[in-house]
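# Structure at a glance
Given next are the chains, with one letter for each unit.
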Amino acid sequence: MRSPSENAFTSARAAKGLTFTQAANRMVGVSEQQLRNLEGIGATRDTDPGHIRIQTALEIIRVYWPDIDHRDFVPGTLLSAKPIDSSARRRLKGYAEV
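Cut-offs used in this document
- Residues numbered from 1 in each chain as written.
- Predicted model: local features only at pLDDT ≥ 70, side-chain atom pairs only at ≥ 80, totals over all residues.
- Heavy atoms only, no water.
- Helix = DSSP H or I, 4+ residues; strand = E, 2+ residues; numbered from the N terminus.
- Buried < 20%, exposed > 50% of the residue type's maximum accessible area, 1.4 Å probe, protein only.
- Contact = heavy atoms within 4.5 Å.
- pLDDT = per-residue confidence, 0-100.
- Phe/Tyr/Trp six-rings, centres within 6.5 Å; stacked < 30°, edge-to-face > 60°.
- Lys NZ or Arg CZ within 6 Å of the ring centre and 35° of its normal.

What follows is about the side chain of Glu39. For Glu39, the position within the fold is in the loop between α3 (32–38) and α4 (54–64). Exposure remark for Glu39: the relative accessible area of 10% places this residue in the buried category. When residues no more than four places from it in sequence are discounted, the contact partners of Glu39 are Asn7, Phe9, Thr10, Arg13 and Phe20.

Structure (structure tokens):
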């Protein structure tokens with residue numbers, strides 16, 4: 001489990017062994033600057049993850065999964081995510097409780 005002071009997005013990117021450029025290149029419609037802002041080191045610094053577009057959040061989740069999920073964008077949410085079908089459920093086996 002991460003310490004409260006550790007940025008979840010920094011940890012997820014590091015776990016994948018990606019630079020900002022490499023991570024952004026794997027995400028559709030997400031810029032390197034957006035990733036820097038989420039990690040608190042960009043020009044506008046410390047973007048609140050709860051204030052980004054859902055499309056951006058889903059792309060980041062797709063690339064950083066299982067280190068990042070929807071709860072990293074909106075902590076304490078009462079919502080949950082589930083696989084869309086049995087094929088997705090099989091692909092998630094071992095990564096998430098489904």
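What follows continues from the structure just given.
The next subject is the confidence of the model for the chain. Mean pLDDT for the chain: 85, with 85% of residues reaching 70 or above. When mean pLDDT is compared element by element in the chain, helix α2 (residues 20–25) scores highest at 96, while helix α5 (residues 86–92) scores lowest at 84.

This part is about the packing of aromatic side chains. In this description, a pair of aromatic rings is defined by centroid distance and the angle of the planes. Here the structure, examined in full by the defined rule, presents 1 aromatic pair. The ring of Phe20 carries Arg13 above its face, with NZ or CZ at 3.9 Å from the centroid.

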